[in-house]
Amino acid sequence: MRIPVRVEFFAGGLRPVISVCIKSQEPKIFGIVSAIIDTGSPTTILGWGDIQRMRLSQVQIRKLEGAEKEINLGGAQIKTRVLPEAELIFGERNLKISSIQVPTKLVKGTPPPTILGVDFLLQGKFNFFFNPNKKESYLETGD
């Protein structure tokens, strides 16, 4: 099965972008985001703008798992915590993902958008195709 992915101009270049619904019970999150599929990122991270749009409060963020850890992403330094159990819904697929990074504080730089990393591809057992010359991209599953 092929899941289409849009190819859009973003941050100076063409990027593979997919609309995803993110749902979590604790903390209570529900929202649709446009996420960039980034094979250079090992983890999935929720974008700062999407956190604000979904009205995720600092109290909710403080209740997330583990200690804050600092990560470097696209020239920004961000402190994050882990959203332990979330469901990503796109097309006809529902995918439970176990470790979405949620920014708690921007240390320096411009906050990145929501990024689906290699962990997303592994957990979903996706093959990913991206041809910027033809502006063609899709996820493929064996289902």
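Described below are features of the structure shown in this document. All values reported here derive from a predicted model rather than from experimental measurement. (Residues numbered from 1 in each chain as written. Predicted model: local features only at pLDDT ≥ 70, side-chain atom pairs only at ≥ 80, totals over all residues. Heavy atoms only, no water.)

1. Regarding the overall build of the protein chain
A count of helices and strands for the protein chain gives three helices and twelve strands. Over its C-alpha atoms the protein chain spans a radius of gyration of 15 Å, differing by no more than 12% from the 15 Å that the globule rule assigns to 143 residues. Out of the 143 residues in the protein chain, the part that is buried amounts to 44%. When contacts within the protein chain are restricted to residue pairs at least 6 apart in sequence, long-range pairs at least 24 apart make up 57% of them. Of the roughly 7900 Å² of accessible surface on the protein chain, 51% is carried by carbon and sulfur atoms. Averaging the locations of the 19 positively and 14 negatively charged side chains of the protein chain gives two centres separated by 5 Å. (Helix = DSSP H or I, 4+ residues; strand = E, 2+ residues; numbered from the N terminus. Rg over C-alpha atoms; globule rule 2.2 N^0.38 Å. Buried < 20%, exposed > 50% of the residue type's maximum accessible area, 1.4 Å probe, protein only. Contact = heavy atoms within 4.5 Å. Areas by Shrake-Rupley, 256 points an atom, 1.4 Å probe, with all protein chains shown as cover. Lys, Arg positive; Asp, Glu negative; His and termini not counted. Charge placed at Lys NZ, Arg CZ, Asp CG, Glu CD.)

2. Examining the pattern of salt bridges
Scanning all chains against the criterion turns up four salt bridges. Where K23 meets E87, a salt bridge forms, and the shortest distance between an N and an O atom there is 4.0 Å. One end of the pair, K23, is in strand 3 (residues 13–24); the other, E87, is in strand 7 (residues 86–90), with 64 residues separating them in the sequence. We note a salt bridge from R53 to D50, for which the minimum N-O separation is 3.0 Å. (Salt bridge = Lys/Arg side-chain N within 4 Å of Asp/Glu carboxyl O.)

3. Topic: the sheet that holds strand 11 (residues 127–131)
The three strands are arranged 1-12-11 in an open sheet whose pairing can be described as antiparallel. Since the sheet does not close on itself, it has two edges, and those belong to strand 1 (2–4) and strand 11, each with one partner. In this sheet, neighbouring strand axes are inclined to one another by 20° on average, regardless of whether the strands run parallel or antiparallel. Of the pairings in the sheet, the one linking strand 11 to strand 12 (residues 136–140) comprises five bridges and is antiparallel in character. Bridge assignment links F130 to a residue of strand 12, and that residue is S137. (Pairing = 2+ DSSP bridges. Axes fitted to C-alpha atoms, helices over the stretch in contact; angles between N-to-C directions.)

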